[in-house]
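Each chain is listed here by its residues.
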Amino acid sequence: MVKPGILGYSSEITYQKVLDQTNNERKNAGLEPLQYSATLSESARKKAEDMFKNDYWAHNSPQGKTPWTFFDAAGYKYSVAGENLAKDFYDTDSLIKAWMNSPTHKANIIHPKYKEIGIAVVNGTLGGIKTTLVVQHFGTPLVAQAAPKTTVSKQTSDAVEPEAVTQPVSDIIPQAIDIPEIKNTEVLAGNNKKLISPLTLSKIFGSIIFIVLVIVLFVDGFITLKNNTHRLTGSNIGHIGFLIFIFLLMLYNQQGSIF
């Protein structure tokens, strides 16, 4: 099956990486991998576009649309379903780690009843800020049976935190967990050329500038000591320490949020 390849928006995340790492987590839990579903991906894409269009960040829209609205619109009949949302993440590792650190989101990723998954990565403006949304839609197709009908009920998800809202997992209760959709940054549609993410470039240039500044300060400090030059300003050691502190904040600053 051919899957979409789309250039990301200031993001290193790709649908393939999300799919692979999601299945790696399931493998670690002793579960079967999820199969990619074009129908679920369409459902996830429509959910992301609706959030941008109506400017909201939640499982349920201000207009009353639930995650199941998008499942139904895509024509996906399910016995169990779920949704994960994410935004503002720049790499897949951080995204998956955030989900796995949230008990409710993790429950969707390793739900033993799920068989298929759809992933969308969409760029746009939310709340006046440009961002990338990732949406994960999980599901298991509903198999028609001749015996007594089983009613599939839906349950509204309870907000745990503004950044982590998922539904309780049950055998036949559809679930919804949102995930910011991430464009494929490796391959542009119809083009097999490798592409470099804008985020990668900014990190490279930022690191180069940082290294150059540190080297300049070290050289300046060496010359100052060698020539026994007295300064009216602070020491270079203090400047270097400050730069290292800022650099560490940049590296470890929490990115993105989940719902």
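This text goes with the structure placed above it.
Residues numbered from 1 in each chain as written. Predicted model: local features only at pLDDT ≥ 70, side-chain atom pairs only at ≥ 80, totals over all residues. Heavy atoms only, no water.

### Points about the nonpolar core
Next, step 1: A86, F89, L95 and W99 are the most contacted members of the largest nonpolar core, which totals 21 residues.
Next, step 2: Among the secondary structure elements, those contributing two or more residues to this core are α1 (15-28), β2 (78-87), α4 (92-100), β3 (116-126) and β4 (129-141).
Next, step 3: Here the element with the most residues in this core is α4; it accounts for five residues.
Next, step 4: With 15 residues, the next largest nonpolar core counts Y56, W57, A58 and L85 among its residues. (Core = buried A, V, L, I, M, F, W, Y, C linked by side-chain atoms within 4.5 Å. Buried < 20%, exposed > 50% of the residue type's maximum accessible area, 1.4 Å probe, protein only. Helix = DSSP H or I, 4+ residues; strand = E, 2+ residues; numbered from the N terminus.)

### Looking at helix α2 (residues 38-54)
Next, step 1: The end-to-end C-alpha distance of α2 is 24 Å, a good match for the 24 Å that 17 residues give at a rise of 1.5 Å each.
Next, step 2: Among the residues of α2, L40, S41, S43, A44, K47, A48, D50, M51 and F52 are the ones counted as buried.
Next, step 3: For α2, the secondary structure elements touched by its buried residues are β1 (35-36), α3 (67-73), β2, β3 and β4.
Next, step 4: Once α2 finishes, D55 follows within two positions and takes phi at roughly 55°, a positive value. (Expected span 1.5 Å × (residues − 1). Contact = heavy atoms within 4.5 Å.)

### Observations regarding the pairing of β4
Next, step 1: Counted residue by residue, β4 has ten buried out of 13 residues, so it is predominantly covered.
Next, step 2: The pairing of β2 with β4 spans nine bridges and is classified as antiparallel. For N84, the partnering residue across the bridge sits in β4 and is Q136.
Next, step 3: Here β3 pairs with β4 via eleven bridges, running antiparallel. Among the inter-strand pairings, I117 is bridged to a residue of β4, identified as F138.
Next, step 4: Joining the antiparallel neighbours β3 and β4 is a turn of two residues, in which G127 adopts a positive phi near 65°. (Pairing = 2+ DSSP bridges.)

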